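# Overview (structure and organization)
Letter by letter, the chains look like this.
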Amino acid sequence: MTRIDQTTFAHRRQRAAQLVAAHSLGGLVVGTGAEFAYLTGSWASSHERLTALAIGPDGRAVLVAPLTDIASLGIPADSGVEVRGWQDGQDPYALAVEALDATKPVALDSSLTADHVFALQVLVPDTRLATDTLAELFMAKEDAELAELARAGAAIDRVHARVPELLVAGRTEAQVAEELDRLIMDEHEAVDFVIVGSGENGANPHHDFSERVLSRGDVVVVDLGGTLDSGYHSDCTRTYIVGGNTEDVDPEVLRAYDVLTQAHQAAVTAARPGITAGELDAVARGVIEQAGYGEYFTHRLGHGIGLAGHEAPFIIGGNDTELKTGMAFSIEPGIYLPGKWGMRLEDIVYLDDDGAVSLNNVARGLR
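Residues numbered from 1 in each chain as written. Predicted model: local features only at pLDDT ≥ 70, side-chain atom pairs only at ≥ 80, totals over all residues. Heavy atoms only, no water.

## Some remarks on the domain arrangement of the protein chain
As assigned here, the protein chain comprises domain 1 (6–137) and domain 2 (143–358). On a C-alpha basis, the centres of domain 1 and domain 2 stand 34 Å from each other. The interface is formed by 5 residues belonging to domain 1 together with 5 residues belonging to domain 2. Taken together, the two surfaces of domain 1 and domain 2 that pack against each other cover about 420 Å², and 65% of this comes from carbon and sulfur. If you look at where domain 1 meets domain 2, you find 1 salt bridge. (Domains from an automatic or database assignment. Contact = heavy atoms within 4.5 Å. Buried area = accessible area lost by both parts, 1.4 Å probe. Salt bridge = Lys/Arg side-chain N within 4 Å of Asp/Glu carboxyl O.)

## Regarding the pattern of salt bridges
Considering all chains together, one arrives at 23 salt bridges under this definition. As a salt-bridge pair, Arg158 and Glu187 come within 2.8 Å of each other at their nearest N and O atoms. Placement of Arg158 in helix H7 (residues 143–160) and of Glu187 in helix H9 (residues 173–187) is noted, with a sequence separation of 29 residues between them. By relative accessible area, Arg158 is classed as partly exposed at 44%. When its relative accessible area of 27% is taken as the criterion, Glu187 is described as partly exposed. A salt bridge links Arg171 to Glu179; the shortest N-O distance between them is 2.3 Å. Among the charged side chains, a network of salt bridges with common partners joins Arg60, Glu82, Arg84 and Glu98. (Helix = DSSP H or I, 4+ residues; strand = E, 2+ residues; numbered from the N terminus. Buried < 20%, exposed > 50% of the residue type's maximum accessible area, 1.4 Å probe, protein only.)

## Comments concerning the sheet that holds strand S7 (residues 190–198)
Read from one edge to the other, the open sheet built from 3 strands follows the order S7-S8-S9, with strand pairing classed as antiparallel. Either end of the sheet is taken by a strand with one partner, and the two such strands are S7 and strand S9 (236–241). Neighbouring strand axes in the sheet, compared pairwise and without regard to direction, differ in orientation by 15° on average. Here 8 bridges tie S7 to strand S8 (residues 219–227), and the two strands are oriented antiparallel to one another. Note on S8: the bridge partner recorded for Val196 is Val222. Packed on one face of the sheet, H9 meets S7 and S8 and runs near 150° to S7. (Pairing = 2+ DSSP bridges. Axes fitted to C-alpha atoms, helices over the stretch in contact; angles between N-to-C directions.)

## A few points about the packing of aromatic side chains
Counted under the stated rule, the structure contains 1 aromatic pair. Look at Tyr38 and Phe138: their rings are 5.2 Å apart centre to centre, the planes differ by 70°, and that puts the pair in the edge-to-face class. A residue pair is termed long-range when its members are at least 10 positions apart, and Tyr38 in helix H2 (residues 34–40) and Phe138 in helix H6 (residues 136–139) qualify at 100 residues. Neither residue differs from the other here; Tyr38 and Phe138 are each classed as buried. Over the aromatic face of Tyr38 sits the side chain of Arg12, whose NZ or CZ is 4.0 Å from the ring centroid. Looking at Arg285, its charged tip hangs above the ring of Phe297, at a distance of 4.0 Å from the centre. (Phe/Tyr/Trp six-rings, centres within 6.5 Å; stacked < 30°, edge-to-face > 60°. Lys NZ or Arg CZ within 6 Å of the ring centre and 35° of its normal.)

## Quick look at the packing of H7 against H9
As a packed pair, H7 and H9 sit with axes 9 Å apart at the nearest point and diverge in direction by 145°. H9 is crossed by H7, and the crossing has right-handed handedness. Contacts between H7 and H9 pair Ala155, Ile156, Arg158 and Val159 from the former with Leu180, Leu183, Ile184 and Glu187 from the latter. (Left-handed = near helix turned anticlockwise from the far one by under 90°.)

## Overview of H7
Owing to its 3.6 residues per turn, the α-helix aligns residues three or four sequence positions apart on the same side. Helix length check: H7 (18 residues) gives 26 Å between terminal C-alpha atoms against 26 Å at 1.5 Å per residue, within 8%. Within H7, the full set of buried residues consists of Glu145, Leu146, Glu148, Leu149, Ala152, Gly153, Ala155, Ile156, Asp157, Val159 and His160. (Expected span 1.5 Å × (residues − 1).)

## Some points on the UniProt feature "domain: Creatinase N-terminal" (unreviewed entry) in the protein chain
Under the UniProt annotation, the feature "domain: Creatinase N-terminal" (unreviewed entry) is placed at residues 12–129. Within residues 12–129, the helical portion is 29% and the strand portion 22%, while the C-alpha atoms at the span's ends are 19 Å from each other. (UniProt positions renumbered as here; feature names shortened; annotations may be inferred.)

## Side note on the sheet that holds strand S3 (residues 61–66)
Pairing is mixed in the open sheet, where 6 strands are placed in the order S4-S3-S2-S1-S5-S6. Looking along the sheet, the strands with just one partner apiece sit at the ends: strand S4 (82–86) and strand S6 (127–129). Each neighbouring strand pair of the sheet contributes to a mean axis angle of 25°, computed without reference to strand direction. As defined by bridge partners, strand S1 (residues 27–31) adjoins strand S5 (residues 106–108) across 3 bridges and the pair is classed as parallel. Its bridge partner lying in S5, Val29 is registered against Leu108. Of the strands in this sheet, S1, strand S2 (52–55) and S3 touch helix H1 (residues 6–22), which is tilted by about 55° from S2.

Okay, structure coming up:
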């Protein structure tokens with residue numbers, strides 16, 4: 001299901017063709033997935049039989065798919081996309097390449113599996129990774145996309161508002177996660193993930209949940225995400241205390257959480273058009289390092305989000321991508337002490353001309 005009209009998809013394909021030409025490429029080939037949906041509105045899935053969209057520098061858009069799948073693509077006849085079905089025994093790669101200028105480098109989307117990539121490279125010897133050459137096509141969000149991300153942010157905020165009542169001593173992480181799964185489904189079309197990391201489990205940033213029993217005073221990392229009916233994603237992390245009383249925890253937890261909130265706020269304040277992704281990562285990392293917790297911040301500061309849960313821009317050291325108006329990404333510093341506890345504070349923000357606007361606004365304190 002989509003909330004974006006066909007005119008918008010046509011405009012996106014036109015912009016893709018313009019970028020292909022501007023980068024002196026012979027075309028773009030996109031396999032099924034988030035980028036395919038961005039350009040066509042279709043969430044059709046692929047398999048060993050090629051389904052792909054080919055866009056040439058002249059604006060021609062050809063969608064190649066097995067004849068057996070044509071009816072399920074959902075591409076309107078007046079979309080401006082030439083749909084070409086193929087049968088077993090035909091060469092679908094040749095059909096896709098017909099829309100391209102194979103004498104020039106061709107950008108291939110990262111969703112294409114190796115078997116499809118190798119087959120295309122036989123016909124187009126010079127290929128590039130589309131996410132490197134055409135990342136700008138997907139990174140800056142349109143107003144309609146930002147509206148969907150705002151809707152997603154509000155939806156996951158409503159779920160987080162219910163978390164404190166679920167974190168009861170004597171319950172297991174798995175029991176809490178089961179209820180959170182239901183609450184996410186009340187607000188979304190699908191559950192992307194549920195992380196309930198209590199005590200030492202919270203020191204693993206990608207822990208999901210276990211049979212560990214919650215105890216009063218436990219520090220608990222709760223990271224939640226879902227997908228709306230439009231395909232756009234939510235993602236938000238808060239850190240809680242079982243019982244809600246800060247007097248029940250080690251004073252070092254309170255000190256570290258103060259550092260974490262400072263790092264988060266420093267990054268939100270610094271996030272504005274013109275700063276690079278690497279520079280923004282360094283802002284938050286610098287606060288945490290200065291406080292003596294640098295070795296315990298073990299992941300990047302953030303990632304882009306849209307029709308994919310993780311996409312460019314990636315807010316990580318060494319990334320020279322310049323952040324621009326309309327980009328949406330997470331800001332999620334964390335501190336993780338092995339064997340003890342972990343904490344993370346994550347919001348999705350987007351950039352307007354003046355700086356970062358948060359799409360998550362549920363309470364950020366250590367509750």
